[in-house]
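Below are the chains, spelled out letter by letter.
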Amino acid sequence: MASPEFATLVSGYTFLEGPRWREGRLWLSDFYTHQVIAVGMDGQVEKIAEVPEQPSGLGWLPDGRLLIVSMRDRKLLRREADGRIVEHADLSGVARGHANDMAVDRHGHAYVGNFGFDLMGGAPVETASLACVSPEGAVRNVADGLYFPNGAMVTPDGKTLIVVETFGNRISAFDVHPDHGLGPRRDWAVFGPLPEGRELATVIPQAKVAPDGATLDAEGAVWLADAIGRRVLRVAEGGKVLDEISTGDMGVFACTLGGPDGHTLFLCV
């Protein structure tokens, strides 16, 4: 297990999520201050947007407009060129719990996960569906039966969507069809059996890995934050763990790659 020296880029926020590297800066959502920020490598922070509810996943339309997942009201928001925040899509017809992380492909189609049940209210665990939102804001259900779909990635060729499942002990993959729908789910990596039971207190201990935010690297491996393991893992297709980095006494909930050469690993802890 590697034990690197961490450098703090930015601190003093409540719960940073959805890290993305774009245009020389790290973009982040902060749940409880309801804002999106962008941070330079010098630590300089710009507030990009303020939203009514908790923001999560981030992505961009081809024209550069920012998309923001709004968790509690199950919406996808859009930041216009003049800075206005408008509703891009209502996800409530697909999302049975808080909306969550997402991936946006190069054509502007957003694949958005959700909890699948009322996690905060202590409801029984249920599987979730995955929404696909067109660049115009049309919503459709493109996958079912996922165990808390979370970090998502589209491969560079645009042909595969990879989704981590926080309570499923697995990473799943889907072929992306020409109409941006998805083929059947298949295992990309498996860490253990699917959970038994529906009570959260019994489901969480069954997780060998609880993948949260995740990102693809240049070799096609997935870096993922283990939400219960205080570590990030680099995983190859098939499930082999290529690297493990402990975060010590810090929980870690999302990660991405960026920096001037794309080789800096950013962790939300």
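What counts and how
- Residues numbered from 1 in each chain as written.
- Predicted model: local features only at pLDDT ≥ 70, side-chain atom pairs only at ≥ 80, totals over all residues.
- Heavy atoms only, no water.
- Disulfide = S-S within 2.5 Å.
- Pairing = 2+ DSSP bridges.
- Helix = DSSP H or I, 4+ residues; strand = E, 2+ residues; numbered from the N terminus.
- Axes fitted to C-alpha atoms, helices over the stretch in contact; angles between N-to-C directions.
- Buried < 20%, exposed > 50% of the residue type's maximum accessible area, 1.4 Å probe, protein only.
- Lys, Arg positive; Asp, Glu negative; His and termini not counted.
- Salt bridge = Lys/Arg side-chain N within 4 Å of Asp/Glu carboxyl O.
- Contact = heavy atoms within 4.5 Å.
- Core = buried A, V, L, I, M, F, W, Y, C linked by side-chain atoms within 4.5 Å.
- Phe/Tyr/Trp six-rings, centres within 6.5 Å; stacked < 30°, edge-to-face > 60°.

Caption draft 1: How the structure looks around the state of the cysteines. Per the stated rule, a full pass over the model turns up zero disulfides. Unpaired in this structure, C255 has its nearest cysteine sulfur neighbour in C268, at a distance of 8.4 Å.

Caption draft 2: Local environment of the sheet that holds strand β17 (residues 211-216). Pairing is antiparallel in the open sheet, where four strands are placed in the order β17-β18-β19-β20. Of all the strands in the sheet, the pair left with one neighbour each is β17 and β20 (241-246). Going from strand to strand, the sheet's axes swing by 20° on average, the running direction of each strand aside. As defined by bridge partners, β17 adjoins strand β18 (residues 222-226) across four bridges and the pair is classed as antiparallel.

Caption draft 3: Representation of the side chain of E17 in the model. Mapped onto the elements, E17 comes out in strand β1 (residues 16-22). No salt bridge forms around the buried E17; measuring N to O, its nearest opposite-charge neighbour R20 is 6.5 Å away. If we ignore the near neighbours within four places in the chain, the residues touching E17 are L28, S29, F31, S56, D212, F253, A254 and C268.

Caption draft 4: Broad picture of the nonpolar core. Counting residues in each nonpolar core, the largest one holds 15 residues, and the members touching the most others are I162, I171, W188, V222 and L224. Among the elements of the structure, β14 (160-165), β15 (170-175), β16 (186-190), β17, β18 and β19 (231-235) are those that each provide at least two residues to this core. Each residue touching L224, except ones within four places of it in the same chain, is listed here: I171, F191, V209, P211, G213, A214, R231, V232, L233, V235 and C255.

Caption draft 5: Inspection of the packing of aromatic side chains at higher detail. Following the criterion strictly, the structure yields nine aromatic pairs and no others. Note on F117 and F148: the rings are 6.5 Å apart at their centroids and 65° apart in plane angle, and the pair reads as edge-to-face. You can see F117 sitting in the loop between β10 (110-114) and β11 (128-133) and its partner F148 sitting in the loop between β12 (139-146) and β13 (149-154), a full 31 residues away along the chain. An identical accessibility class is assigned to F117 and F148; each is buried. One aromatic cluster in this structure is built from F15, F31, Y32 and F253.

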